[in-house]
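Residue strings, one per chain:
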Number of protein chains: 2
Amino acid sequence: MQRQAVILLSGGLDSTTVAAIAQAEGFELYTLSVDYGQRHRCELEAAVRVAERLAVKRHETIHVNLARFGGSALTDRIEVPKGRSGDAMAGPIPVTYVPARNTVFLSLALALAEVVGAADLFLGVNAVDYSGYPDCRPEYIRAFETMANLATKASVEGRLRYRIHTPLIDMTKAQIIRRGVELGVDYALTCTCYDPGPRGRPCRRCDACQLRRKGFAEAGLPDPLMPDL
Amino acid sequence: MQRQAVILLSGGLDSTTVAAIAQAEGFELYTLSVDYGQRHRCELEAAVRVAERLAVKRHETIHVNLARFGGSALTDRIEVPKGRSGDAMAGPIPVTYVPARNTVFLSLALALAEVVGAADLFLGVNAVDYSGYPDCRPEYIRAFETMANLATKASVEGRLRYRIHTPLIDMTKAQIIRRGVELGVDYALTCTCYDPGPRGRPCRRCDACQLRRKGFAEAGLPDPLMPDL
């Protein structure tokens, strides 16, 4: 019997690659997107396109209005930083940090995992992103896994042993892109930008656009969303 | 300076007592209710009444549609069990269990706590309820606390050290009610029933109603919601 996995699918480059990796490993995919009031809503539409392309078993978009709490440039009226150098990006935790985001996302993934009987959860955190985000670090991921195995009926009754997979955690953006291309990922479907223009057009200047651009350049591949670069 | 605390306030008897305990301990209260598609929506209205009565600093109701995932009598079309004996209630994990509920709730409380600068989170789990609910056990609570302290910008930067308080965990329903009455809690404001009738009238037969009824009886006090009993 095919094993089930829940994939947190934002519709960005990383989570799309993660979904392709999980599929290549033989899992049946349940993809979950979280609408948390983010400004870059083109992500949610991208996630639907990616889920369709991968022919997943079930795709869910769950709404949780984290924007009510405030505290992040991704949901608040705080300005998204533009044109920052790599050094600036490696500095303190950026204002684009969303309070407890991965904890909320993984909790929702855990709820879905329990309902569908999936023991495996996939999350697209990686070394480049976790420069400043505490909830992208391996020690955080392990602590969540420990908690999850104490949290649910399915794990306590011994039917499921949860495992949080972070296949990108030690990969550079270029390695992620190369792996995705090997697996046939169509990055034209994805959306990365923190502050996109009409029809999801990337701003090209936020941290996310810059990291993506640099990744494609280092991989020696053209980005279908910014083909002129 | 007064310390802030986030209280998960369902509007039920337990969480209302917890809020009163936190206030008596000197905390400034931020109360959080989660609208997760529960059938017993009178809880959410009760939480607003309780928050007003306690004059909390801020009350938030956050929406997260866990009902989409299915899997629980509290959100699904599964029938709520009625008229069960105490022995039956002490049996296997009941169908009223909501997948990963406390994990989702605590994650949202953690997000709010980080935004408002609160290090203290209060949750009304107790020994009677945790008969079958894995996410009401002390080992689960400690694992969540460990994870939380690795999860957020505020904790990683050393500004906050999260603590999850579960003041009711070893108390019987009768002890909880007596403590609440000492603190001046008006239990007429609360809502306990899993399957209430019009205007939040308790069904008197679900597990929650039966535990409440037994608690008031053992405390030797009348329940303002079921005064004839």
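Note that the structure is predicted; figures quoted are calculated from it, not measured. (Residues numbered from 1 in each chain as written. Chains lettered and ligands numbered in written order. Predicted model: local features only at pLDDT ≥ 70, side-chain atom pairs only at ≥ 80, totals over all residues.)

Counting residues at the interface gives 36 residues for chain A, matched by 36 residues for chain B. Residue assignment for the side of chain A that touches chain B shows that the elements contributing at least two residues are strand S3 (58-63), helix H4 (101-116), helix H5 (138-151) and helix H6 (153-156) of chain A. Among the elements that make up the side of chain A that touches chain B, the one with the highest residue count is H4(A) (nine residues). Its residues placed into classes, the side of chain A that touches chain B shows 22 nonpolar, eight polar and six charged. (Contact = placed C-beta atoms within 7 Å. Helix = DSSP H or I, 4+ residues; strand = E, 2+ residues; numbered from the N terminus. Nonpolar A, V, L, I, M, F, W, Y, C, P; charged D, E, K, R; others polar.)

Right, let's talk about the nonpolar core for a bit. It is characteristic of soluble globular proteins that their nonpolar side chains tend to be buried jointly. Ranked by internal contacts, the top residues of the largest apolar core, which has 144 residues, are Ile7(A), Leu32(A), Ala109(A), Ile7(B), Leu32(B) and Ala109(B). Each residue touching Leu32(B), except ones within four places of it in the same chain, is listed here: Val6(B), Ile7(B), Leu8(B), Leu9(B), Glu60(B), Ile62(B), Leu108(B), Ala109(B) and Leu112(B). (Core = buried A, V, L, I, M, F, W, Y, C linked by C-beta atoms within 7 Å. Buried ≥ 20, exposed ≤ 12 C-beta atoms within 10 Å, placed from the backbone.)

Right, let's talk about the relation of the copies chain A and chain B for a bit. For these two chains of identical sequence, chain A goes onto chain B by a turn of 180 degrees and a shift of 0.0 Å along the axis, with RMSD 0.0 Å. Taken together, these values place the two copies in the relation of a two-fold axis. Taking the C-alpha atom as reference, chain A places Val64(A) closest to the rotation axis, 2.3 Å from it. Looking at the interface residues of chain A, 100% of them are also at the interface in chain B, so both copies use one shared face. (Least-squares fit on C-alpha atoms with pLDDT ≥ 70 in both.)

This paragraph deals with the environment of Phe216(A). Residue and element names in this part refer to chain A. Mapped onto the secondary structure, Phe 216 falls in helix H8 (residues 207-219). Phe 216 sits 155 residues away from Thr 61 along the chain, and the two C-alpha atoms are 28 Å apart. Once you skip the residues sitting within four places of it in the chain, Phe 216 turns out to touch Ile 177, Leu 221, Pro 222 and Asp 223.

Residues and elements named next belong to chain A. The pLDDT averaged across chain A works out to 86; a share of 85% of its residues lies at or above 70. In the model, residues 87-94 has pLDDT below 50 throughout and makes eleven contacts with residues more than four positions away in sequence or in other chains. Note on the complex model: pTM 0.88, ipTM 0.87. (pLDDT = per-residue confidence, 0-100.)

A few words on helix H2 (residues 42-54) of chain A. All names here are of chain A. Here H2 spans 18 Å end to end across 13 residues, near enough to the 18 Å set by a 1.5 Å rise per residue. Considering only its buried residues, H2 is in contact with helix H1 (13-24), strand S2 (28-35) and S3. Just beyond H2, the residue with positive phi is Ala 55, at close to 50 degrees. (Expected span 1.5 Å × (residues − 1).)

Right, let's get into the sheet that holds strand S1 (residues 4-8) of chain A. Residues and elements named next belong to chain A. Reading across from one edge, S3-S2-S1-S4-S5 is the order of the five strands in this open sheet, with parallel pairing throughout. Each edge of the open sheet carries a strand with a single partner, namely S3 and strand S5 (163-165). Going from strand to strand, the sheet's axes swing by 25 degrees on average, the running direction of each strand aside. Relative to S3, S2 runs parallel, the two sharing six bridges. From the neighbouring strand, Ser 33 faces S3, where its bridge partner is Thr 61. Most of the contacts of H1 go to S1, to which it runs at about 170 degrees, and overall it touches S1, S2 and strand S4 (120-122). Most of the contacts of H4 go to S2, to which it runs at about 140 degrees, and overall it touches S1, S2, S3 and S4. (Pairing = 2+ DSSP bridges. Axes fitted to C-alpha atoms, helices over the stretch in contact; angles between N-to-C directions.)

Another aspect to go through is helix H7 (residues 173-182) of chain A. Residue and element names in this part refer to chain A. Residues of H7 that are buried: Lys 173, Ile 176, Ile 177 and Gly 180. The buried residues of H7 occupy an angular sector of 95 degrees when projected down its axis, which confines them to one face. Considering only its buried residues, H7 is in contact with H1 and H8. Immediately downstream of H7, the backbone of Gly 184 shows phi near 85 degrees, a positive value. (Arc of directions from axis to C-beta.)

Right, let's get into unusual backbone geometry. Residues and elements named next belong to chain B. You will see that Ala 55, though not glycine, has its phi angle at about 50 degrees, which is positive. On the secondary structure map, Ala 55 appears in the loop between helix H2 (42-54) and strand S3 (58-63). Even without being glycine, Arg 204 reaches a positive phi, approximately 70 degrees. Among the structural elements, Arg 204 can be located in the loop between helix H7 (173-182) and helix H8 (207-219).

It is worth spelling out the sheet that holds S3(B) at this point. Residues and elements named next belong to chain B. On the basis of which strands lie adjacent, the open sheet formed by five strands has the order S3-S2-S1-S4-S5 and parallel pairing. Both edges of this open sheet fall to S3 and strand S5 (163-165), since each of them pairs with a single strand only. With direction set aside, neighbouring strand axes in the sheet form an average angle of 25 degrees. Here strand S4 (residues 120-122) runs beside S5; their pairing, made up of three bridges, is parallel. Note that in S5 the partner of Asp 120 across the bridge is Arg 163. Sheet contacts for helix H1 (residues 13-24): strand S1 (4-8), strand S2 (28-35) and S4; angle to S1, the most-contacted strand, approximately 170 degrees. Of the strands in this sheet, S2 and S3 are in contact with H2, which crosses S2 at around 170 degrees.

Take the packing of H7(A) against H8(A) next. Residues and elements named next belong to chain A. Their axes nearest at 7 Å, the elements H7 and H8 cross at an angle of 65 degrees. In terms of orientation, H7 and H8 fall into the roughly perpendicular class. The way H7 lies across H8 gives a crossing that is right-handed. Residue-level contacts link Lys 173, Ala 174, Ile 176, Ile 177 and Arg 178 of H7 to Leu 211, Arg 212, Lys 214, Gly 215, Phe 216, Glu 218 and Ala 219 of H8. Classifying every residue of the contact of H7 with H8 gives six nonpolar, one polar and five charged. (Parallel < 35°, antiparallel > 145°, perpendicular 65-115°, else oblique. Left-handed = near helix turned anticlockwise from the far one by under 90°.)

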